[in-house]
Amino acid sequence: MQVLQVQMEVGVDPSEVGRARRWARSRLAGCGIGLDDSLAEALILVISELVTNAVVHTGCPAVLRMFFPGGTVRVEVADFSARPPRRRCAGGDETGGRGLELVDGLADRWGWQPEGAGKRIWCEIDRRPGASGPAPALPLWGSAFEPHRVLTNGA
């Protein structure tokens, strides 16, 4: 199975979040995922949240990666902070603290794992039948991908 992978480096400036969204939109369109497709909308939102978390909470550069193995799109953000992601319970008036809750609600699977001196946060969204672009029945990941730590509601 051939897996298409694209990646971009993300600096620590908050304007990088908008750049990451624009970059992701262009890559999704190039892979046959229409920008008006609900899959594209969900992917752009989780990318925005994960890149924002990396920029705001680590103060370190990061790398955004997208993988297109067929029936699933995988997003990863690797940063250089060993501090694990932490879910927050934002109050009604708070303007932040809902990013991982959004990722949890939109992604079919998500989690994190240590990577070098930092970590990698990932999520996967399955292409639904009738969505734009092909969705062949392929195995999700082969042995080239290591197992992942999945966060649960109690983590």
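Shown above is the structure to which this text applies.
Because the structure is predicted, anything quoted here is derived from the model rather than measured. (Residues numbered from 1 in each chain as written. Predicted model: local features only at pLDDT ≥ 70, side-chain atom pairs only at ≥ 80, totals over all residues. Heavy atoms only, no water.)

Description of the overall build of the chain
Step number 1: Within the chain, the regular secondary structure consists of three helices and five strands.
Step number 2: Listing the helices and strands of the chain from first to last along the sequence gives β-α-α-β-β-α-β-β.
Step number 3: Within the chain, contacts between residues at least 6 apart in sequence are counted, and of these 64% link residues at least 24 apart.
Step number 4: Total accessible area computed for the chain in this model is approximately 8,000 Å², and 54% of it derives from carbon and sulfur atoms. (Helix = DSSP H or I, 4+ residues; strand = E, 2+ residues; numbered from the N terminus. Contact = heavy atoms within 4.5 Å. Areas by Shrake-Rupley, 256 points an atom, 1.4 Å probe, with all protein chains shown as cover.)

A look at the packing of helix α2 (residues 38-58) against helix α3 (residues 99-106)
Packed helix pairs are specified by the crossing angle of their axes together with the interaxial distance, meaning the distance between the axes.
Step number 1: Between α2 and α3, whose axes approach to 9 Å, the crossing angle comes to 150°. By the criterion of interaxial angle, the relationship of α2 to α3 is roughly antiparallel. Handedness of the crossing formed by α2 with α3: left-handed. Across from Ala42, Leu45, Val46, Glu49, Leu50 and Asn53 in α2, the residues of α3 making contact are Gly99, Leu100, Leu102, Val103 and Leu106.
Step number 2: Class assignment of the residues belonging to the contact of α2 with α3 gives a composition of eight nonpolar, two polar and one charged. (Axes fitted to C-alpha atoms, helices over the stretch in contact; angles between N-to-C directions. Parallel < 35°, antiparallel > 145°, perpendicular 65-115°, else oblique. Left-handed = near helix turned anticlockwise from the far one by under 90°. Nonpolar A, V, L, I, M, F, W, Y, C, P; charged D, E, K, R; others polar.)

With respect to the pattern of salt bridges
Step number 1: Using the criterion set out here, one finds 10 salt bridges in the structure.
Step number 2: Across the salt bridge formed by Asp79 and Lys119, the nearest N and O atoms sit 3.0 Å from each other. Of this pair, Asp79 sits in strand β3 (residues 72-79) while Lys119 sits in strand β5 (residues 118-126), and the two are 40 residues apart along the sequence.
Step number 3: Look at Lys119 and you get buried, because its relative accessible area is 4%.
Step number 4: Note that Glu115 is salt-bridged to Arg120, the shortest N-O span being 2.6 Å. (Salt bridge = Lys/Arg side-chain N within 4 Å of Asp/Glu carboxyl O. Buried < 20%, exposed > 50% of the residue type's maximum accessible area, 1.4 Å probe, protein only.)

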